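Architecture and fold: a report
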Amino acid sequence: MVRLEGVCLEYPGPSGPVRALEGIDARVPAGSIAAFIGPSGCGKTSLARIVAGLRRPSRGRALVAGEEALAPRRGTAMIFQDYALLPWKTVSANVELPMLLGGAPSRERRARSRDLLEELGLSEFAAFYPARLSGGMRQRVALARAFAQEPDLLVMDEPFSSLDELTRESMQELLLDLHRKRGATVLIVTHSIEEAAYLADAVYVMRGRNPGRVAARIAPRTEPAAGGAGAPRCAAIRSPSYRGEEAFFGYASAIRRALERGG
Amino acid sequence: MKARRGTSLLGAARTAAAFAALLAIWAIAAAVVQRPFLPPPGAAFARLASDAATLALARHLAASAGRIGLALLIAAPTAAALGLAAGRSKGLDSLVSPFVYILHPLPKIAFLPVIMLFLGLDDAAKVFLIGLIIFGQILVTCRDAARAVPEALVESVRALGATRLQLVRHVIAPATLPAFLSALRVGLGTSIAVLFMAETFASESGLGWYIVDSLTRVDYPGMYAAIVALSGLALACYLALDAIEARACRWRRTD
């Protein structure tokens, strides 16, 4: 679904060009969840923006569904750390926005946003403005808005890092639930080891700063016997109880070791 | 809902009380001074009522309101559009901002004689002058507000595949609307003051002319009636803007 081939990013700085990313290679198969983890300043947000088509790489290519991501694409939805809901639109109007921009008729927009809000437990807040919602609720609305787009790729830039621990975990469950039901590919950028270990089928550990590079790719050791090939195998092992299992801790400490080596 | 109506009722009551207090101060001052050039408020309002009945003042009120309205209609949309464009485009901004920087602090009223030489003594010169003031105010405020729109919001809507026009419609314009309205408020205040000056200058209509004309005819109640009418015009503009803001910027309310 997503292929990064030698992606480099440079931007002009006060003293000559700054290299933010260098030679990033990655393959995210359709229907899987990939995480990019790294310290602040390693360029992971820039990477997310490149995949979402908000920024072009200086060299190399970012391919989404076989095509170069040179501009925002209908099928790609992006979730931001600070929710990025429009404060002057109500919850339902925010959810309807992608459909409105895409020219969907108002009846369809309303029906779909009503369904999504119900699915995410937001029905009674449909007429609220975002300012009156908690952080967790806002990110729920942002998820509803993302899925209103019916995306095949969801790019998430530190989506849950402003939330408290419990809210973050319940949002992760919600994301997995939506992922199972709707089956979009997910590319998530995070600095949380647990988040990466819990959500991702493959974790790209980044290191360095100006430029940031991929230091390692870590995938959990999953037994083929656990249920056939492809993404569902991993989705199957992820339930809240997985957070307490040996395999989860093993995965998390492998990521931690790679981060420590790299950083 | 109920609480909101309650607070707005309370607000209205407070405004009414302030109005009554101002009238009382006026009445006391008139009683203390005891001079013809400060008639009690009763006399001024009685004159206002009888003028209203004979439409003597209405023509001038309409002339003043028309000048402001026309200037507003021409200047506000163009200034807002240019301001938004300059705020979002570095190229345009580097072209516009130096001019704004030099021209904005200049006292526009000083150019009235020049404007009149070019546009004549009629309404055109007055409308142009008022328009100029409103234009500058709104241009500067909208430019700054458009610059300050959080980049994350622009990005998030751009990520949805929005066109430039859709970005303006859904992000830039609503984000700058509160600033636009407060610029309008400031601009209107200044332009009513300037209107008064402009109307006292080679003019035969408008409340400004009426005030000065009453002064020269030693018709003090008439003068005060016109001052009250001009103040009423300003107040009406404020109330209208308040109502627009309450409707259009509901999202800013946190109660």
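Residues numbered from 1 in each chain as written. Chains lettered and ligands numbered in written order. Predicted model: local features only at pLDDT ≥ 70, side-chain atom pairs only at ≥ 80, totals over all residues.

**A closer look at the overall build of chain B**
Definition in use: Helix and strand assignments come from DSSP, with helices taken as H or I runs of at least 4 residues and strands as E runs of at least 2, each series counted from the N terminus. Working definition of burial: number of other C-beta atoms within 10 Å of the residue's own, with buried at 20 or more, exposed at 12 or fewer, and partly exposed in between, all C-beta atoms being placed from the backbone. In this description, a residue-residue contact is defined by the distance between C-beta atoms placed from the backbone, which must lie within 7 Å.
Across its full length, chain B carries 10 helices and 0 strands. Starting at the N terminus and ending at the C terminus, chain B contains elements arranged as α-α-α-α-α-α-α-α-α-α. Oriented by its inertia axes, the alpha-carbon framework of chain B measures out at about 70 × 55 × 30 Å. Put simply, chain B has 255 residues, and 32% of those count as buried. Long-range pairs, those at least 24 residues apart, make up 73% of the contacts in chain B between residues at least 6 apart in sequence.

**A look at the interface of chain A and chain B**
Stated formally: Just so you know the grouping, Ala, Val, Leu, Ile, Met, Phe, Trp, Tyr, Cys and Pro go in nonpolar, Asp, Glu, Lys and Arg go in charged, and all remaining residues, Gly too, go in polar.
Residue-level contacts link 18 residues of chain A with 15 residues of chain B. Ranked by residue count, the leading element in the side of chain A that touches chain B is helix H2 (residues 91-101) of chain A, at 3 residues. Among the residues making up the side of chain A that touches chain B, the classes are represented as 14 nonpolar, 1 polar and 3 charged.

**Quick word on unusual backbone geometry**
All names here are of chain A. Between Asn210 and Pro211 the backbone carries a cis peptide bond, its omega angle lying at 5 degrees. Position of Pro211 among the secondary structure elements: in the loop between strand S9 (202-207) and strand S10 (213-218). Even without a glycine there, the phi angle at Ala84 is positive, about 55 degrees. Among the structural elements, Ala84 can be located in the loop between strand S6 (76-79) and H2.

**What to know about the pairing of strand S7 (residues 153-157) of chain A**
Residue and element names in this part refer to chain A. Worth spelling out the cut-off: When DSSP finds at least two bridges between two strands, those strands are taken to pair. Looking down the strands as they point away from you, a crossover is right-handed if its path from the first strand over the helix to the second goes clockwise.
Within S7, 5 of the 5 residues are buried, leaving the element largely enclosed by the surrounding structure. The side-chain alternation of S7 yields two buried faces, one formed by Leu153, Val155 and Asp157 and the other by Leu154 and Met156. Where S6 meets S7, 4 bridges bridge the pair, whose relative direction is parallel. Of the residues in S7, the one forming a bridge with Met78 is Val155. In the classification by handedness, the crossover that spans S7, the intervening helix H5 (residues 165-182) and the parallel strand S8 (residues 185-190) is right-handed.

**Notes on the domain arrangement of chain A**
All names here are of chain A. Operational definition: Boundaries of every domain are those given by an automatic assignment or by a domain database.
When its domains are assigned, chain A resolves into domain 1 (2-75 + 152-262) and domain 2 (83-150). Each side of the interface is counted separately: domain 1 has 12 residues, and domain 2 has 7 residues. When residues of the side of domain 1 that touches domain 2 are assigned to their parent elements, the largest contribution, 6 residues, is made by H5. Among the residues making up the side of domain 1 that touches domain 2, the classes are represented as 8 nonpolar, 2 polar and 2 charged.

**Thoughts on the packing of helix H7 (residues 151-159) of chain B against helix H8 (residues 164-199) of chain B**
Residues and elements named next belong to chain B. What counts here: Helix axes use the C-alpha atoms of the stretch in contact, all axes being lines fitted to C-alpha atoms, and the angles between their N-to-C directions lie in the range 0 to 180 degrees. Left-handed describes a crossing whose near helix is turned anticlockwise from the far helix by less than a right angle; the clockwise case is right-handed.
Packing of H7 against H8 leaves a shortest axis separation of 10 Å and a crossing angle of 145 degrees. Our pair here, H7 against H8, has a crossing hand that is right-handed. Contacts between H7 and H8 involve Leu153, Val154, Val157 and Arg158 from the former and Leu167, His170 and Val171 from the latter. Across the contact of H7 with H8, the residue classes tally to 5 nonpolar, 1 polar and 1 charged.

**Focus on the domain arrangement of chain B**
The domain boundaries assigned to chain B delineate domain 1 (1-34) and domain 2 (39-252). With centres defined by C-alpha atoms, the gap from domain 1 of chain B to domain 2 of chain B works out at 26 Å.

**Observations regarding helix H4 (residues 135-148) of chain A**
For the α-helix, the turn length of 3.6 residues means that residues three or four positions removed from each other point alike. Residues and elements named next belong to chain A. What counts, and what does not: To estimate the expected span of a helix, count its residues, drop one, and scale the result by 1.5 Å.
With 14 residues, H4 should cover 20 Å at 1.5 Å per step; its first-to-last C-alpha distance of 20 Å lies within 8% of that length. Across the 14 residues of H4, 11 count as buried, placing the element largely inside the fold. Buried residues of H4: Arg138, Gln139, Arg140, Val141, Ala142, Leu143, Ala144, Arg145, Ala146, Phe147 and Ala148, and no others. On the buried face of H4, the contacting elements are S6, H2, helix H3 (106-119), S7 and H5. Directly beyond the C-terminal end of H4, a positive phi value near 50 degrees is found at Glu150.

**Quick word on the environment of A:Arg168**
Residue and element names in this part refer to chain A. Summarising the element assignment, Arg168 is placed in helix H5. Under the C-beta neighbour-count criterion, Arg168 is labelled buried, with 20 such atoms within 10 Å. Along the backbone, Arg168 and Glu124 are 44 residues apart, and their C-alpha atoms lie at a distance of 22 Å. Setting aside its immediate chain neighbours within four residues, Arg168 contacts Phe160 and Leu163.

**A word on the sheet that holds S9(A)**
Residue and element names in this part refer to chain A. The 6 strands lie next to each other as S6-S7-S8-S3-S9-S10, forming an open sheet whose pairing is mixed. Two strands close off the open sheet at either side, each with one partner strand: S6 and S10. Here the strands of the sheet are splayed against their neighbours by 20 degrees on average, with no regard to which way each runs. The pairing of S9 with S10 spans 5 bridges and is antiparallel.

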